[in-house]
Amino acid sequence: MPQNITPLIAGNWKMNGLRAALIEVEKLAGRLAAGEPPRCTVAICPPATLINPMNRIAAPAGIVLGGQDCHPAASGAHTGDIAAQMLADAGAQMVIVGHSERRADHGETDDLVRQKAMAALASGLTPIICVGETRAEREAGKADAVVSRQLAGSVPDQAADEDVVIAYEPVWAIGTGLTPTSADIAEMHKNLRDQLISRFGKRGEGVRLLYGGSLKPANAKEILAIANVNGGLVGGASLLADDFAAIIWAL
Ligand code: PGA
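Computed from a prediction, not measured in an experiment: that's the story for all the values here.

1. Focus on helix α8 (residues 182–200)
The α-helix winds at 3.6 residues per turn, so residues separated by three or four positions along the chain end up facing the same way. In a regular helix each residue adds 1.5 Å, so 19 residues correspond to 27 Å; α8 covers 26 Å between its end C-alpha atoms and thus fits that length. All buried positions along α8 are accounted for by Ile185, Met188, His189, Leu192, Arg193, Leu196 and Phe200. Across the axial projection of α8, the buried residues extend over an arc of 135°, all falling on one side. Exposed side chains of α8 directed beyond 90 degrees from the buried face belong to Ala183 and Ser198. Residues of α8 that are buried make contact with α6 (135–139), α7 (143–154), β6 (165–168), β7 (208–212) and α9 (217–224). Downstream of α8 by a residue or two, glycine 201 has a phi angle that is positive, lying close to 65°.

2. Side note on unusual backbone geometry
At serine 214, a position not held by glycine, the phi torsion is positive, near 55°. Residue position: serine 214 is located in the loop between β7 and α9. Relative accessible area serves as the criterion here: at 15%, serine 214 is assigned to the buried category. Backbone geometry places asparagine 228, a non-glycine residue, at a positive phi of 70°. Within the fold, asparagine 228 resides in the loop between α9 and β8 (231–234). For asparagine 228, a relative accessible area of 18% puts it in the buried group.

3. Comments concerning the pairing of β8
Here β8 shows two buried faces, one formed by Gly231 and Leu233 and the other by Gly232 and Val234. Bridging between strand β1 (residues 8–12) and β8 involves four bridges; their strand directions are parallel. Note on β8: the bridge partner recorded for isoleucine 9 is glycine 232. With two bridges joining them, β7 and β8 adopt parallel strand pairing. Pairing of glycine 212 across the sheet is with leucine 233, part of β8. Regarding the hand of the β-α-β motif, the stretch spanning β7, α9 and β8 is right-handed.

4. Re the UniProt feature "binding site: substrate" (unreviewed entry) in the chain
UniProt tags Asn12, Trp13, Lys14, Gly175, Ser214, Gly235 and Gly236 as "binding site: substrate" (unreviewed entry). Taken along the chain, the residues just named run across 225 residues; in space they keep tight, none of their C-alpha pairs more than 13.9 Å apart. Among the secondary structure elements, lysine 14 is positioned in the loop between β1 and α1 (22–34). Discounting chain neighbours no more than four positions away, the residues touching lysine 14 are Cys45, Pro47, Gln68, His99, Glu101, Ile174 and Gly235. Relative to the helices and strands, glycine 235 resides in the loop between β8 and α10 (241–248).

5. Examining the pattern of salt bridges
One pass over the structure, following the stated rule, counts 16 salt bridges. We note a salt bridge from arginine 199 to aspartate 157, for which the minimum N-O separation is 2.7 Å. Within this pair, whereas arginine 199 is found in helix α8, its partner aspartate 157 is found in the loop between α7 and β6, the two being separated by 42 residues in sequence. Classification of arginine 199 by relative accessible area gives partly exposed; the value is 33%. Take aspartate 157: its relative accessible area is 61%, and that puts it in the exposed class. Notably, a salt bridge pairs lysine 190 with aspartate 194, separated by 2.8 Å at the nearest N-O pair. You can see lysine 190 and its partner aspartate 194 sitting in helix α8, four residues apart, about one turn around the helix.

Basis of the calculations
- Note on numbering: residues in each chain are counted from 1, in written sequence order.
- Local features in this predicted model are restricted to residues whose pLDDT is 70 or higher, and side-chain atom pairs enter the listing and the counts only when it is 80 or higher, whereas totals over whole chains, interfaces and linings include all residues.
- In computing side-chain properties, one takes all heavy atoms of the structure into account and sets aside hydrogens as well as water.
- Every helix listed is a DSSP run of H or I at least four residues long, and every strand listed is a run of E at least two residues long, numbered separately from the N terminus.
- Take the number of residues in a helix, subtract one, and multiply by 1.5 Å to get its expected span.
- Categorising residues by exposure relies on relative accessible area from a 1.4 Å probe, with only protein chains included: less than 20% of the type maximum marks a residue as buried, more than 50% marks it as exposed, and the intermediate range marks it as partly exposed.
- Comment: arc refers to directions from the helix axis out to C-beta atoms.
- Contact between two residues is taken to exist if any of their heavy atoms lie within 4.5 Å; hydrogens are not considered.
- Strands were regarded as paired on the criterion that DSSP finds at least two bridges between them.
- Every crossover in which the path from the first strand over the helix to the second runs clockwise, viewed with the strands pointing away from the viewer, is termed right-handed.
- UniProt positions are given in the numbering used here, feature names are shortened, and annotations may be inferred rather than shown by experiment.
- A carboxyl oxygen of Asp or Glu within 4 Å of a side-chain nitrogen of Lys or Arg is what we treat as a salt bridge.

Laid out in structure tokens, this is it:
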């Protein structure tokens, strides 16, 4: 990993968490205050309802908060949606866009994901842009082609360096306990890095490339040590402070 990249470990709480779950963030804040400083930026992307109350615990502990989605428009008649500037106003500094669950559940296309990432950048948020192939696509030998297409179509032209984060999350690894081999992760992350450098030049070198999909305490050390893996996007294992801490300090 280049010296100048600070890795990122981001928790994705998905549609989990009531105010009672803030106790886990208090526990994590306690670990951060008491332990050795982590070698990464620590982030949590809770449901939007928790961003504001969580920030009172997260901000003093140095934990960055993020949203899980945003609308491409700044405001308007879009019932149920949330704008990037609303997330920023609530205390978020990042936002996940194009998660495979949104691509699948809401039919999000690469073009829409790119527009969401642009809206995030316009509101001063760092977009975490997700890409990843399905099991059928991997078995058909199409993983590289699918992920390359998603990367080309979902990342805005003005995004590079620390302004943008890419998360490679094979769909078949999410929430299943399955993970690709270290060699497969290394190959995909090398491809992603090469494509970013060929598109953005030197500015492609500083983009953080996260791995996501069944990242847990038992496999974090091995996966986070792979070349071009600059951190992780963690679902299930981010819900409990002990598990999330074990991943943070695996770096
Ligand atoms: P998981 O989810 O860690 O529960 O597999 C990862 C994600 O979807 O971001």
